[in-house]
Amino acid sequence: MIVEIEGLRKVYDGKQRVVAVDGIDLSVHEGALYGFLGPNGAGKTTTISICTTRALPTAGRVRIAGIDVVKSPSQARRCIGVVPQYNTLDRSCTIYENIHFHCLFFGFSRIDAKKRTEKLLEQFHLAERAEAYPSQLSGGLAQRVQIARAIAHHPKVLFLDEPSAGLDPQSRIAMWDAVRNLREEGITVVLTTHYMEEADELCDRVAIIDHGKILVEDTPSALKNSVGAQRIYELDLRSMHDIPQLLHKLERQQGIASVETTQRGLRIFAEGTEGLLSEVVHAANPYGLKDLTITEPSLETVFIRLTGRDLRE
Amino acid sequence: MTELATIDTEASAPSAASGSAKMQYLRAFAGLFLRDLYVLRREIFPFVIRVCMNPMLFLFVFTFIMPHMSGGAAMNPTSAAMGQNFSTVLLPGLMAVAIMFSGIAAVALPLAQEFGITREIDDRVMCPLPVAAVAIEKILFSAMQSIIAAAVVFPLAYYIPSTPVVAHVDNWAYLIAILILASVTSGALGLTIGTTVEPKQIGLIFGVVVMPITFLGCVYYPWTALGQIRWLQIGVLVNPIVYMSEGLRSALTPTLPHMHPALILGMLVFFLILLTWLGVRGFLRRVIG
């Protein structure tokens, strides 16, 4: 296991006591692309900050490639690459120098640093902008430079904190490609996100986090299967009156795994789809069916099932 | 790409194997220093202006313009009180100001930006080096700039004043010790200020810190001259700039009254330790959550 987290807790004592991380146990195996999925404020960034030696835990232990990040942070940093949420490129240095100096910090000789910088600029399609300053770059480009810089010293694990926050859809897809390529190079990637598509699309395994705790941890497909349904029907009803009656009726229907109430109506988890739609509509019509949405189970569904809340809330 | 990547991973092995943690720290430290040198080289013009402007104008006004005015000496109370050449009083004082100001400009101001909006210090904090060493590097790099700034005052003080400066070095080792101690102390002062003051309030430090410690730092008058105002003479002893200017005074212009050298060295060491401790502690608090 390349990343091992045991009983991690982080409490911020202040005017308001905040428990940011509340007992996280986790391990990531080498070469994995691992995702922390959760809403804002779930404790993802704090967990990453502790793993990357930028915050001290209140309790618990984190080891990266066997090195304790609290006991020997400077050794651990050799194994870690970090791309934080915000742009931390050195504004006084060009793109080339940003990567070049990073290599020097990690003990490369000047010649090796030059070679490595040139190769990375090539690999991330940044060669043309080598002499530009960070302030002249778009968000997507800056993100690419940050990733290139973060892996310049050949870290074993790359931590990406909300890598697609603030990126336009096109840059986001380019970033996903870049991350997939890293994995081919054998770098373990741990990322945090509150976009369920991102976790679903990119990650081998996903831990869903809320209020500083891991709610569930598995592969995206296993998580989606755990919902136990092929389709989800969201019913938007005019009146919430008599809903229990409808719920009861639908639950007995063949092909329906479960039904739950929502703020606007009902959510039906369907096992099969054969002829079910018309029966659902038929049953719901007398209750003032306004609208009906059909979705396949997603990680969002899993999150809603576990917390009763939306990821965006 | 996979092939290239495997070759690369092997290529990085020498640097990993290149030795002990000490070597790793040393190289990271050298890398940080080199980065700062690069940035300074690029901003050499603002640096020169920053370093020259204050002593140049000061010398020009007080030691060139005023003596040329009719009754200029009467307008210059310090020189009257001293019965000495004012340019001689100013030389060590202006060097002390140059040293102190470099510490503020090289550490405190950039830190305000790096801690503030951009957090660009993050990549340097992530060096394979104890975080305190990143702060120490800031202090040492600033000390280097301070020494340059102090050296610049020399030719200016030689050429600008209308009456020659009477400088005389008895003990070079003592002068170098004072210069280095003062420079490192001012770097530590810059670090302490840069890590204590909230980034958005950094503009205030000129009024709240820089001006008072300069004007009450025995820069424009020797400490003993304060003898008539006893409470102030005692009060200014908490100001590290006092020991910088008195130290340079005792090393460069020993004909003027000055504090005892042992006291100066002792107090500079005391402030160096105190400010380094405060600065590094503040730095750690800022970067480690």
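In the block above lies the structure referred to throughout.
Residues numbered from 1 in each chain as written. Chains lettered and ligands numbered in written order. Predicted model: local features only at pLDDT ≥ 70, side-chain atom pairs only at ≥ 80, totals over all residues. Heavy atoms only, no water.

What to know about helix α1 (residues 44–51) of chain A
Residues and elements named next belong to chain A. With 7 of its 8 residues buried, α1 lies for the most part within the structure. Every buried residue of α1 is accounted for by Lys44, Thr46, Thr47, Ile48, Ser49, Ile50 and Cys51. At the exit of α1 stands Thr53, carrying a positive phi of roughly 65 degrees. (Buried < 20%, exposed > 50% of the residue type's maximum accessible area, 1.4 Å probe, protein only. Helix = DSSP H or I, 4+ residues; strand = E, 2+ residues; numbered from the N terminus.)

Points about the interface of chain B and chain A
Counting residues at the interface gives 38 residues for chain B, matched by 40 residues for chain A. The contact between chain B and chain A buries some 3400 Å² in all, and 55% of this surface belongs to carbon and sulfur atoms. Applying the counting rule to chain B against chain A returns 5 salt bridges. One salt bridge in this structure joins Arg35 of chain B and Asp90 of chain A, with 2.6 Å as the shortest N-O distance. (Contact = heavy atoms within 4.5 Å. Buried area = accessible area lost by both parts, 1.4 Å probe. Salt bridge = Lys/Arg side-chain N within 4 Å of Asp/Glu carboxyl O.)

Some words on the side chain of Asp68 of chain A
Residues and elements named next belong to chain A. Inspection of the secondary structure assignment puts Asp68 in strand β5 (residues 67–68). From its side chain, Asp68 meets the backbone nitrogen of Lys71 in a polar contact 3.2 Å long. Discounting chain neighbours no more than four positions away, the residues touching Asp68 are Arg61, Val62, Arg63 and Pro73. (Polar contact = N/O pair within 3.5 Å; in protein donor to acceptor, adjacent residues only side chain to side chain.)

Looking at the packing of helix α7 (residues 86–115) of chain B against helix α13 (residues 240–252) of chain B
All names here are of chain B. At a minimum axis separation of 8 Å, α7 and α13 run at an interaxial angle of 135 degrees. In terms of orientation, α7 and α13 fall into the oblique class. Note on packing geometry: the crossing formed by α7 with α13 is right-handed. Contacts from Val89, Leu91, Pro92, Gly93, Met95, Ala96, Ile99 and Met100 of α7 reach α13 at Ile241, Met244, Ser245, Leu248, Arg249 and Leu252. In the contact of α7 with α13, the residues fall into 11 nonpolar, 2 polar and 1 charged. (Axes fitted to C-alpha atoms, helices over the stretch in contact; angles between N-to-C directions. Parallel < 35°, antiparallel > 145°, perpendicular 65-115°, else oblique. Left-handed = near helix turned anticlockwise from the far one by under 90°. Nonpolar A, V, L, I, M, F, W, Y, C, P; charged D, E, K, R; others polar.)

Observations concerning helix α9 (residues 243–252) of chain A
All names here are of chain A. Buried within α9 we find Ile243, Leu246, Leu247 and Leu250. Down the axis of α9, the sector holding all buried residues measures 100 degrees, keeping them to one side. Turned more than 90 degrees away from the buried face of α9 sit Pro244, Gln245 and Arg252, all of them exposed. Of the surrounding elements, those touching the buried residues of α9 are β11 (231–237), β12 (256–261), β13 (265–270) and α10 (276–284). (Arc of directions from axis to C-beta.)

Re the sheet that holds β5 of chain A
Residues and elements named next belong to chain A. With antiparallel pairing, 4 strands are arranged side by side in an open sheet as β2-β1-β4-β5. One side of each edge strand has no neighbouring strand; the edge strands of this open sheet are β2 (18–28) and β5. Of the strand pairs in this sheet, strand β1 (residues 3–12) and strand β4 (residues 59–64) are connected by 5 bridges, and their pairing is antiparallel. The residue bridging Val3 from the neighbouring strand is Ile64, located in β4. Across the sheet, α1 lies against β1, β2 and β4, angled at about 115 degrees from β1, the strand it touches most. (Pairing = 2+ DSSP bridges.)

Structural notes on a nonpolar patch on the surface
A surface patch of nonpolar side chains, amounting to about 630 Å² of accessible area, comprises Ile44, Phe45, Val48, Ile49, Met53, Met56 and Leu57 of chain B. Within the element layout of this structure, Ile49 of chain B appears in helix α4 (residues 44–68). (Patch = residues over 30% accessible without salt bridge, like charges linked within 9 Å, V, L, I, M, F, W, Y side chains within 5 Å. Areas by Shrake-Rupley, 256 points an atom, 1.4 Å probe, with all protein chains shown as cover.)

Here's the deal with the packing of α4 of chain B against helix α9 (residues 131–159) of chain B
All names here are of chain B. Between α4 and α9, the shortest axis-to-axis distance is 9 Å and the interhelical angle comes to 40 degrees. Considering the angle they form, α4 stands oblique to α9. The crossing of α4 and α9 is right-handed. Mapping the contact onto sequence places Phe47, Arg50, Val51, Cys52, Pro55, Met56 and Leu59 in α4 and Gln145, Ile148, Ala149, Val152, Val153, Leu156 and Ala157 in α9. Across the contact of α4 with α9, the residue classes break down as 12 nonpolar, 1 polar and 1 charged.

Comments concerning empty space enclosed by the protein
In this approach a probe as big as a water molecule rolls over the atoms, and the regions it shows empty are the leftover space. Within this structure, the stated rule accounts for 4 cavities of 30 Å³ or more. Counted as a void, the largest cavity has a volume near 130 Å³. Surrounding the largest cavity, 16 residues form its lining, Val82 and His102 of chain A together with Asp122, Asp123 and Met126 of chain B being those nearest its centre. For the lining of the largest cavity, the secondary-structure elements that each account for two or more residues are β6 (80–83) and α5 (139–151) of chain A together with α8 (122–125) of chain B. (1 Å grid on protein atoms, 1.4 Å probe; cavity = no way out; pocket = protein on both sides within 12 Å on 5 of 7 lines; lining within 4 Å. Points joined across faces, edges and corners; volume = space filled by probe spheres on them.)

Observations concerning the environment of Glu137 of chain B
Residue and element names in this part refer to chain B. Along the chain, the position of Glu137 falls in helix α9. Separated by 21 residues in sequence, Glu137 and Gly116 have C-alpha atoms that sit 20 Å apart. With sequence-adjacent residues up to four places away left out, Glu137 is seen in contact with Phe29, Leu32, Phe33 and Asp36. In terms of polar contacts, Glu137 uses its side chain to reach the backbone amide nitrogen of Phe33, at 3.4 Å.

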